[in-house]
Amino acid sequence: MRILKTQTLRGPNYWSIRHPNLILMRLDLEEVAELPSDQIPGFYEALADTLPSLIEHFCSPGYRGGFLSRVRQGTYMGHIVEHVALELQTLAGMAVGFGRTRQTVEPGVYQVVFEYQNEEAGRYAARAAVRLCNDLIASGHYSSLELEKDLRDLEEFRQDAALGPSTEAIVRAAEARDVPWTQLSTRAMIQLGYGRHQQRVQATLSSKTCILAVELASDKEGTKQILRNAGVPVPKGTVIYYLDELKEAINEVGGYPIVVKPLDGNHGRGITIDISTYEAAQEAYEAARSVSKGVIVERFYRGQDHRVLVINGQVIAVAERVPAHVVGDGRSTIEQLIDLTNQDPRRGEGHDNLLTRIEVDRTTWQLLDRKGYSLDTVLPSGEMCYLRATANLSTGGIAIDRTDTIHPDNIWLAQRIAKTIGLDIAGIDVVTTDISRPLREVDGVVVEVNAAPGLRMHVCPSEGIARNVAEPILTMLFPPGTPARIPVLAITGTNGKTTTTRLIAHIFKQTGQIVGYTTTDGIYIGETLVEAGDTTGPQSAQVILQDPTVEVAVLETARGGILRSGLAFKNCDISVVLNVAADHLGLGDIETVEDLAHLKSVVVETTRPSGYAILNADDPLVTAMAQRVKGQIAYFSMNPHNEVLRNHTQQGGLAAIYEHGYLSILKGDWLLRIEQAEKVPLTMGGLAPFQIANALAASLAAFAQGVGIEPIRQALHSFQASTQQTPGRMNLFNLDRFHALVDYAHNPASYEALSGFVKNWPGQRLGVVGGPGDRRDDDFITLGKLAGQMFDDIIVKEDDDTRGRPRGDAARWIVHGLEQVTLSASYRTILDETEAINTALDTAPDGSLVVILPESVSRAIALIKARCPLPQDGLTTNGNGAGVALSGVDQYAQVHS
């Protein structure tokens, strides 16, 4: 077997809405394509022996061991690879369970889909699963060393990509509140929410964290001075920068015992406590100096270390932190006790696990030396031996929840301290013998105030009640009644997406909001083009959703992006499906128009329960999507007597219809007319039904999202099919002797719609035609047939990007289609698009219409504008005064792009 292609899906997709994170592998089974597992000698036994935990896979039989029973009875290798990839990830600590395997039209080639938690791990698991199965097929054996390496590598991927316990807690709290989150590309930042309502966190630093407060908290001596001046009990201390200042500093703080720590340190690095001799103080100075140029010398206060967490001015949790230690059993050495403690599955490296492994270092040896112990010492039963001077969880300490025992005076003090320093989220370190009594009664002190405090000790304490400390952070960032989202409107369909997207964006602009929208022409924020190009995929949508100025997102959503990566959002407020017609078939294993409809239905499936799916009632493939919608449904139709629409409105449903020349909103028994179609420039005087349908869909989407009729009406009056507002969509130019029309029709449905307009032109009709090279041969033949029925003279050209076809091949198939229809039209082939356009414009007869269906809309428009077209408002007479009769435009159906 060999992997032909691997894709990473990161959002709702063709395979699943609930499982957005999927690896899609195109797998060629090669010599085992026709060989089920029961016909491969020893395969079942080898697989069960290599991965015995596969017994837990239920699979389609629905019971424990169901998958292995399928292997014993005989199943194909793509299915087995799917389960192996899932199990390898699960064994590496990433529990995943969703998968699908489907055969493609290509013999022996399968699509294997499985869930991942980490992208790199998922892609690695795909390769490892194929490698493992290939070895079992070939030799009946997979090296245990190789399997150990696979699991070790997967575990490293997991650890490298882990969010960290604090970030993880915040993200889970966001999910519980249905707040969308996005991992940004730098500095481990997480965006919570969309657009102008977004907030950001970096661990427990937030958008509301004051940089001055962080700087102050990082200056430990400066913090103590501020707190001392505010009457807060803090340790006596001073800062030194040279060793010869040490003796004077010790005397200044009142003599031994002392604490020595770096001025700019964290996580307990370089700290030595309970120092009673000058020699020990010298050694502690050097340890602190290795972390920071400045060294703090403080009086040592006896008591337990406590962390008080203050969020948004309120004490949320309190934890007693106990330094790393072991407890004797009368039999084991200290080294053996450390090893036994580290076997706790909660312990791991760094901050990724609930607890951190205990490591032996300089501080450990110092503490052991003071007691006359070594690692070989056998501790008496019950004796506690501390291995660290500080109680940080990152050095192996444990946490005991004390939230319910802290004294009210200490709560008041902690809250005052957080406000004094200016931190929105603060971790206040307190040393006291009894946190249930006021600090001054027990000679307790505040030793530090920390910005970005870790949440691990509160979320998962070693003892006591776990506290949901992330929820108050979310409440601080998004107070009750404050939105986290902006309206998201997603538009899909075969044709009409760009025009409808632009019109919806134009409608929302009338409300005074900043609109971000993506189209086949580029990414726009307000009136500004942010990035030119075909930007209808998830990466472009993320640009809009991550922009802090955007108040409404209008996202054209094309099939290619959904297939490649899935959607950029898990939910939208409004989904719009304009139509489904044959286009791009045969690409991405989308073979039929029904497959295409299923793909586009992904958009409507993400509609929020409070939102609306806007569906074309005139397209059966679109109306069938209603059964997938979890939100509300609204239909639009060119036929006021459409049965689907009538049944819907009779039950009180919302709809938009074209009736008696008006674009109207219909709900239940009432009718609200927006405007006459002939007064809407986009509809070309009401003669372009496809544009009327686009206007209906856009108006209905905006109305469903709460926009009033007057802003919708204003938008319809001011929106035109121009090169400024809809480039490449029915752009008509008056070149005095003749007219030129630029349109991005590129599939049979849009060609058929265009023919109704072209055939009724009173003069000659010239066509510059072609199509994207990744279409099927039959599609080009169909385009040729339609072109032959539409034009009097035809120039067949090709796109600059032939998308893998030999130069001239697409044109040859179009000519083949031309030759299959009885026609009086002449045709010729000019492969270069620029030359073909210029030839048509140079040779156009008086009163004719040159229709250009380009690959590059901007280039085609530039070539025409270079000939100085006359100013034109909509449709006019030609340069010779001959009337331009366009009644045939009513054939140009709404399926047009």
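These numbers come from a predicted model, not from an experiment.

This paragraph deals with a nonpolar patch on the surface. Judged by side-chain polarity, Val 327, Met 384 and Tyr 386 come together as a nonpolar surface patch covering roughly 250 Å² of accessible area. Among the secondary structure elements, Val 327 is positioned in strand β15 (residues 325-327). Residue Val 327 is classed as partly exposed on the basis of its relative accessible area, which comes to 41%.

We now examine the packing of helix α3 (residues 77-91) against helix α5 (residues 144-161). The relative placement of two packed helices is expressed as an angle between their axes plus a distance between the axes. At a closest axis distance of 8 Å, the pairing of α3 and α5 adopts a crossing angle of 65 degrees. Here α3 lies roughly perpendicular to α5, going by the angle between them. As for the relative orientation of α3 and α5, their crossing is right-handed in sense. Contacts from Leu 88, Gln 89 and Leu 91 of α3 reach α5 at Leu 147, Leu 151 and Leu 154. Considering only residue class, the contact of α3 with α5 consists of five nonpolar, one polar and no charged.

Our next topic: the pairing of strand β36 (residues 793-796). On β36, burial covers both faces: Asp 793 and Ile 795 on one face and Ile 794 and Val 796 on the other are all buried. Here strand β35 (residues 765-769) pairs with β36 via four bridges, running parallel. Note on β36: the bridge partner recorded for Gly 767 is Ile 794. For the crossover that starts at β35, traverses helix α25 (residues 777-790) and ends in the parallel β36, the hand is right-handed. Bridge analysis of β36 against strand β37 (residues 826-829) gives four bridges, and the strand direction is parallel. Following the sheet pairing, Val 796 is matched in β37 by Thr 829.

This brings us to the packing of aromatic side chains. Applying the stated criterion to the full structure yields three aromatic pairs. Summarising the aromatic geometry, the rings of Tyr 14 and Trp 15 are spaced 5.7 Å apart at their centres and angled 85 degrees between planes, so their arrangement reads as edge-to-face. When the centroid spacing of 5.0 Å and the interplanar angle of 10 degrees are considered together, the rings of Tyr 517 and Tyr 524 count as stacked. Exposure class is identical for Tyr 517 and Tyr 524. Each is buried. Geometry around Tyr 278 places Lys 247 over its ring, the cationic atom sitting 5.0 Å from the centre. Positioned over the ring face of Trp 813 is Arg 812, at 4.9 Å from the centre of the ring.

For Thr 104, the position within the fold is in the loop between β3 (99-103) and β4 (109-115). At 3.2 Å, the side chain of Thr 104 and the backbone nitrogen of Glu 106 are in polar contact. A polar side-chain atom of Thr 104 sits 2.9 Å from the main-chain carbonyl oxygen of Val 109. Ignoring any residue separated from it by four or fewer positions in sequence, one finds Thr 104 in contact with Arg 26, Val 109, Tyr 110, Gln 111 and Asp 589.

What follows deals with the pairing of strand β34 (residues 739-742). Judged by which residues are buried, β34 turns out to be covered on both faces: His 739 and Leu 741 on one side and Ala 740 and Val 742 on the other are all buried. Both strand β33 (residues 731-734) and β34 contribute to a ladder of four bridges, which runs antiparallel. Residue pairing across strands places Asn 734 opposite His 739, the latter belonging to β34. Once β33 ends, the chain turns through four residues before running back antiparallel as β34, passing Asp 736 with a positive phi of about 75 degrees.

It is worth spelling out the pattern of salt bridges at this point. With the rule as written, the count across this model stands at 57 salt bridges. A salt bridge links Arg 321 to Asp 305; the shortest N-O distance between them is 2.8 Å. On the criterion of sequence distance, the pair formed by Arg 321 in strand β14 (residues 314-322) and Asp 305 in strand β13 (residues 304-311) is long-range, its members being 16 residues apart. Asp 305 carries the same exposure label as Arg 321, and that label is buried. Of the charged contacts, one joins Arg 737 and Asp 846 as a salt bridge, the two residues approaching to 2.6 Å between their closest N and O atoms. With Arg 737 in the loop between β33 and β34 and Asp 846 in the loop between α27 (833-843) and β38 (849-852), this residue pair connects regions lying 109 residues apart in the sequence. Overall, the relative accessible area of 48% leaves Asp 846 in the partly exposed class.

A few words on the confidence of the model for the protein chain. For the protein chain, the average pLDDT comes to 91, and 96% of its residues sit at 70 or higher. Considering only residues more than four positions removed or in separate chains, one finds that residues 873-897, a stretch of pLDDT under 50, has 83 contacts.

A word on the sheet that holds strand β8 (residues 205-206). With antiparallel pairing, four strands are arranged side by side in an open sheet as β5-β6-β7-β8. Both edges of this open sheet fall to β5 (181-183) and β8, since each of them pairs with a single strand only. Both β5 and strand β6 (residues 190-192) contribute to a ladder of three bridges, which runs antiparallel. Following the sheet pairing, Trp 181 is matched in β6 by Leu 192. Contacting β5, β6 and β7 (199-202), helix α6 (residues 165-176) crosses the sheet at an angle of about 20 degrees to β6.

This brings us to the nonpolar core. Grouped together as the largest cluster of nonpolar side chains are 49 residues, with contacts concentrated most on Val 488, Phe 569 and Leu 615. In terms of residue count, the dominant contributor to this core is helix α19 (residues 593-605) (six residues). In this structure Phe 569 touches Pro 12, Tyr 194, Val 488, Ala 490, Leu 545, Leu 555 and Thr 606, once residues within four positions along its chain are discounted. Tyr 612, Ala 656, Leu 663 and Leu 682 belong to the second largest nonpolar core, which has 45 residues in total.

Thresholds, definitions, all that
- Starting from 1, residues in each chain are numbered consecutively following that chain's sequence as written.
- This being a predicted model, a pLDDT of at least 70 is required before a residue's local features are given, and a value of 80 or more before pairs of side-chain atoms are given or counted; all residues contribute to the totals for chains, interfaces and linings.
- The basis for every side-chain value is the complete set of non-hydrogen atoms in the structure, without hydrogens or water.
- For patch building, the residue pool is restricted to those with more than 30% relative accessible area and no salt bridge; the joining distance is 9 Å between like charges and 5 Å between nonpolar side chains (Val, Leu, Ile, Met, Phe, Trp, Tyr).
- The Shrake-Rupley method, run with a 1.4 Å probe, gives the accessible areas here. Residue values count only the displayed protein chains as cover.
- When a carboxyl oxygen of Asp or Glu lies within 4 Å of a side-chain nitrogen of Lys or Arg, that pair is called a salt bridge.
- The secondary structure listing takes helices from DSSP runs of H or I that are at least 4 residues long and strands from runs of E that are at least 2 residues long, numbered from the N terminus.
- Partly exposed describes any residue whose relative accessible area lies between the buried limit of under 20% and the exposed limit of over 50%, with all areas from a 1.4 Å probe on protein chains only and scaled to the type maximum.
- Only the stretch in contact is used when fitting a helix axis, every axis being a line fitted to C-alpha atoms; angles between N-to-C directions are given from 0 to 180 degrees.
- With respect to orientation, any angle under 35 degrees is reported as roughly parallel, any angle over 145 as roughly antiparallel, any angle of 65 to 115 as roughly perpendicular, and every other angle as oblique.
- Handedness of a crossing is defined here by the sense of rotation of the near helix relative to the far one, left-handed for an anticlockwise turn of less than a right angle and right-handed for a clockwise turn.
- Any two residues having at least one pair of non-hydrogen atoms within 4.5 Å are treated as being in contact.
- Each residue is assigned to one of three groups, with Ala, Val, Leu, Ile, Met, Phe, Trp, Tyr, Cys and Pro labelled nonpolar, Asp, Glu, Lys and Arg labelled charged, and all others, Gly among them, labelled polar.
- Two strands are counted as paired when DSSP detects at least two bridges linking them.
- Crossover handedness is defined here as right-handed if the route from the first strand over the helix to the second strand goes clockwise, with the strands pointing away from the viewer.
- By convention, a stacked pair of Phe, Tyr or Trp rings (six-membered ring in the case of Trp) has centres within 6.5 Å and planes under 30 degrees apart, an edge-to-face pair has planes over 60 apart, and any other such pair is tilted.
- Here, a charge over a ring means that NZ of Lys or CZ of Arg falls within 6 Å of the ring centre while also lying within 35 degrees of the ring normal.
- Whenever a nitrogen or oxygen atom comes within 3.5 Å of another N or O atom, the pair is scored as a polar contact, on the condition that within protein one atom can donate a hydrogen and the other can accept it, and that pairs from neighbouring residues in sequence are kept only if both atoms are in side chains.
- In predicted models, pLDDT denotes the confidence assigned by the predictor to each residue on a 0 to 100 scale.
- The definition of a nonpolar core used throughout is a set of buried Ala, Val, Leu, Ile, Met, Phe, Trp, Tyr and Cys residues joined through side-chain atoms within 4.5 Å.

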